[in-house]
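The chain contents come next:
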Amino acid sequence: MNDLYIEEYDGVYQNEQEKIKTQVGIANECLKIANEANFPTDFQDVYDHLFEDDSYIIIFVKNKEDKIKGFVITCQEEGYHDCKILHIHGIVLGPEIQGRGMSKEIIDYAIDKYKPDVVTAKTHNPRCFNAFASLGGGKYSFYPNNQEIPETVKEIVKSDCFINNSDENLIYRDAYPDEKIQQSKNNPLVDVIFDKVGKY
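What follows is about the nonpolar core. In this structure, Val61, Ile91, Leu93 and Phe132 are the most contacted members of the largest nonpolar core, which totals 21 residues. Elements supplying a minimum of two residues to this core: β2 (57-63), β4 (84-93), α3 (102-114) and α4 (126-133). With six residues, the single largest contributor to this core is α3. Judged by nonpolar contacts, the second largest core, of 19 residues, contains Ile26, Val46, Phe71 and Val92.

See below:
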């Protein structure tokens, strides 16, 4: 990772004009990354996901020329029995940095900084699934897997407004548009993932 670094967006601006100009520039850079990664989206979708809520935490992967090469959108919530939740809304990495462990690196950064009790996410991407499964070198419990899901975990999921429509197996059905699912079905890692969680 010598040629890359992680930087959290601070959202501090001198005035509204500077804010809009900078945010549009960031959204354009992120749209380019999403397009290069064959992620079906448009400028407005990217802009809204990045900046629609001031409480969202945006973390960038940048190269030494200070260009965005990937980004993560996350937020903090309070859940079941005051459980501190860090929800990962999305991870998008440019093709040239995929497969280098950057998803895990960014998630680890967020965990180290915000110290949640639980990390939640929904994904159709097998690489992201694997990154979540490998957090902490396997020292954390990860669901869904091929084991019974504890009731406490189910209650935590129900208390997370971003994934509370998950079924009893923690599968969030119909969460993505068809084009994203088609993209996943063409990925050979998908079968490996379904073998891990069971074919629900």
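Now that the structure has been shown, we can carry on.
Once that is clear, we can look at α3. Over its 13 residues, α3 extends 18 Å from the first C-alpha to the last, a length consistent with the 18 Å expected when each residue adds 1.5 Å. Residues Met102, Ser103, Ile106, Ile107, Ala110, Ile111 and Tyr114 constitute the buried set of α3. Of the residues trailing α3, Lys115 is marked for its positive phi of about 45°.

At a minimum axis distance of 9 Å, the contact between helix α1 (residues 16-36) and helix α2 (residues 43-51) shows a crossing angle of 120°. As α1 packs across α2, the resulting crossing turns out to be right-handed. From α1, Gln23, Val24, Ile26, Ala27, Asn28, Cys30 and Leu31 reach across to α2, where they touch Phe43, Val46, Tyr47, Leu50 and Phe51. A per-class count over the contact of α1 with α2 returns ten nonpolar, two polar and no charged.

This part covers the side chain of Asp160. With respect to the helices and strands, Asp160 occurs in the loop between α5 (151-159) and α6 (178-185). Here Asp160 falls in the buried class, since its relative accessible area comes to 0%. Within the structure, the side chain of Asp160 is placed 2.9 Å from the backbone nitrogen of Phe162, a separation counted as a polar contact. Those residues within four positions of Asp160 in sequence are excluded, and the remaining contacts are Glu77, Ile85, His87 and Thr120.

Moving on, we come to α2. Residues Val46, Tyr47, Leu50 and Phe51 constitute the buried set of α2. Buried residues of α2, seen end-on, are gathered within an arc of 100° and therefore sit on one face of the element. Backbone nitrogen of Gln44 and a side-chain oxygen of the N-cap are separated by 3.3 Å at the start of α2; the cap is Asp42.

What counts and how
Residues numbered from 1 in each chain as written. Predicted model: local features only at pLDDT ≥ 70, side-chain atom pairs only at ≥ 80, totals over all residues. Heavy atoms only, no water. Core = buried A, V, L, I, M, F, W, Y, C linked by side-chain atoms within 4.5 Å. Buried < 20%, exposed > 50% of the residue type's maximum accessible area, 1.4 Å probe, protein only. Helix = DSSP H or I, 4+ residues; strand = E, 2+ residues; numbered from the N terminus. Expected span 1.5 Å × (residues − 1). Axes fitted to C-alpha atoms, helices over the stretch in contact; angles between N-to-C directions. Left-handed = near helix turned anticlockwise from the far one by under 90°. Contact = heavy atoms within 4.5 Å. Nonpolar A, V, L, I, M, F, W, Y, C, P; charged D, E, K, R; others polar. Polar contact = N/O pair within 3.5 Å; in protein donor to acceptor, adjacent residues only side chain to side chain. Arc of directions from axis to C-beta.

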